[in-house]
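Residue-level structure breakdown
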Amino acid sequence: MSSDTSRAPYALPSAITDALQEAKADTSKPRRAMPPAFYTSPEVSNAEQTAVFGDGWICVGRADEVAKPGDYFTTTVIGESLVVVRGGDGTVRVMANVCRHRSSLVATGAGSARQLMCPYHHWSYDLDGSLKRAPLMDQVDGFDPAQCGLHQFAVEQWMGWVFVNLSGTAEPLAPQVAELDQYVAGYHTEEMRTVKAGPEQWPVNWKCLAENFMEGYHLTPVHLNTLHPMTPTSLCQKIPGRPAFTGYKSHYSPGFEGRPPFHPDMTQEQKNMSMMVWIYPGFVAAISPNSAVYMSLTPTGAEGVQTRWGVVAREELFEQGTAGDRWDFAASYNAEDKVRLTSLQRGLNSQFAVRGALAPDDYEGCTWDFYQYLAGRLLP
């Protein structure tokens, strides 16, 4: 599971380095959780900014959020303000939301526009990022508008989600997640439409939230009245992890009526489960037959995370007037998780916190896969 890519060493606490080596070797019995400092240490957080998020593929939202040419929204990824826009040619682009004149932010919020105009000195940019107009700059010797377009990032789409790589050096995403497609293609989430999406801040380490989303061990204890009746812990089934992703099948209880309507391409198994997917580092999703819930996580420090989370649904749910129910349901169990994870973060700071043994692979195996991914990113 771990990467063999050679990397410069990071200044990590020795206990963290030792635990990452243990995950990389995959020889420990039983497998253990990472040391508590892994979720509280500023040194670890600083290393992740560069080695994990600065060089990874980060989900910024859904392509249908910019459905028409000129539609745009802004977002922030590890401190960088970005603008996501659909150009006149239909291409979805992600650009630095920073004017090439004096670095003012060009856009705020979301909307639709024929151009992007900096509010400071009214430099304006076409929807493809090229500089369109710079008042009075034609009087400046040597000024070259062709060199002043908004900075653009590498962009890929997967199942309707838009991913960006800030470094420009990451390997293409599609080949890395090709094996994942066999588990999710039948759901056709690219045909689903956004019900609601937006940012939310949680006072927890980003890894705690990602791991929680992707382990079924807590489903019955924490979500007894919400998720347990549909997807109890006992029916989780992990899939093989790969260097870029992991996941598990969250099978529905026999008495659960399912989530129609079903796409014709779905298998019988897919009609009776939600597919839980994790594309590293911070994209997690629960994909069900008629809708999906996702989170894109980026750290705001060692003990804070920004989650841009949303719900998408099949068109039939909008026609029935029930698409909003999917959002309300997701918000209810997210609130349950937030209470538990806020408590967890407090516990991780205790001098008595320890490395507990992980549950069997079907229930916490995705967490172990994640440790191996991080070992490949953080170890030399």
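Residues numbered from 1 in each chain as written. Predicted model: local features only at pLDDT ≥ 70, side-chain atom pairs only at ≥ 80, totals over all residues. Heavy atoms only, no water.

**Here's the deal with unusual backbone geometry**
Backbone torsion omega between K29 and P30 reads -5°, so that peptide bond is classified as cis. On the secondary structure map, P30 appears in the loop between helix 1 (14–25) and helix 2 (42–53). With an omega dihedral of 5°, the bond running from P260 to P261 counts as a cis peptide bond. By the element assignment, P261 lies in the loop between strand 13 (245–251) and helix 7 (268–271). Phi is positive for H122, close to 65°, though the residue is something other than glycine. (Helix = DSSP H or I, 4+ residues; strand = E, 2+ residues; numbered from the N terminus.)

**Brief notes about the side chain of K249**
Structurally, the position occupied by K249 is in strand 13. Within polar-contact distance, the side chain of K249 engages the side chain of E269 at 3.2 Å. Ignoring anything within four residues of it in the chain, the contact list for K249 reads Y183, L235, C236, Q237, I239, E269, M273, S274 and M275. (Polar contact = N/O pair within 3.5 Å; in protein donor to acceptor, adjacent residues only side chain to side chain. Contact = heavy atoms within 4.5 Å.)

**Some remarks on the packing of aromatic side chains**
The tally for this structure, following the rule as stated, stands at 20 aromatic pairs. On the basis of an interplanar angle of 70° and a centroid distance of 5.1 Å, the ring pair of Y252 and F256 is categorised as edge-to-face. A relative accessible area of 6% means that Y252 is categorised as buried. Between W278 and F370, the aromatic rings sit 4.4 Å apart at their centres with planes inclined by 35°, giving tilted as the arrangement. With W278 in strand 14 (residues 273–279) and F370 in helix 10 (residues 361–378), this pair connects stretches of sequence that are 92 residues apart. With respect to class, W278 is no different from F370; both count as buried. Among the aromatic residues, those joined into a cluster by ring pairs are F53, W206, W278, Y280, F370 and Y373. Over the ring of W161 we find R62; its NZ or CZ atom is 4.6 Å from the centre of that ring. (Phe/Tyr/Trp six-rings, centres within 6.5 Å; stacked < 30°, edge-to-face > 60°. Buried < 20%, exposed > 50% of the residue type's maximum accessible area, 1.4 Å probe, protein only. Lys NZ or Arg CZ within 6 Å of the ring centre and 35° of its normal.)

**Let's talk about the sheet that holds strand 5 (residues 110–112)**
The four strands lie next to each other as 4-3-2-5, forming an open sheet whose pairing is antiparallel. Where the open sheet ends on each side, the last strands, each with one partner, are strand 4 (92–96) and strand 5. The sheet shows a mean angle of 25° between the axes of neighbouring strands, direction not considered. The pairing of strand 2 (residues 71–77) with strand 5 spans three bridges and is antiparallel. From the neighbouring strand, F73 faces strand 5, where its bridge partner is A110. (Pairing = 2+ DSSP bridges. Axes fitted to C-alpha atoms, helices over the stretch in contact; angles between N-to-C directions.)

**Quick notes on the environment of W206**
Tracing the backbone shows W206 in helix 5 (residues 206–213). Residue W206 is classed as buried on the basis of its relative accessible area of 0%. If we skip the residues at most four places from it in the chain, W206 touches E48, V52, F53, P281, L297, P299, V305 and F370.

**Focus: the pairing of strand 9 (residues 154–158)**
In terms of strand pairing, strand 9 meets strand 10 (residues 161–165) through five bridges, oriented antiparallel. In the strand pairing of strand 10, W158 is matched with W161. Remark: two residues form the turn of the hairpin made by strand 9 and strand 10, two consecutive strands paired antiparallel; M159 in that turn has positive phi of roughly 55°.

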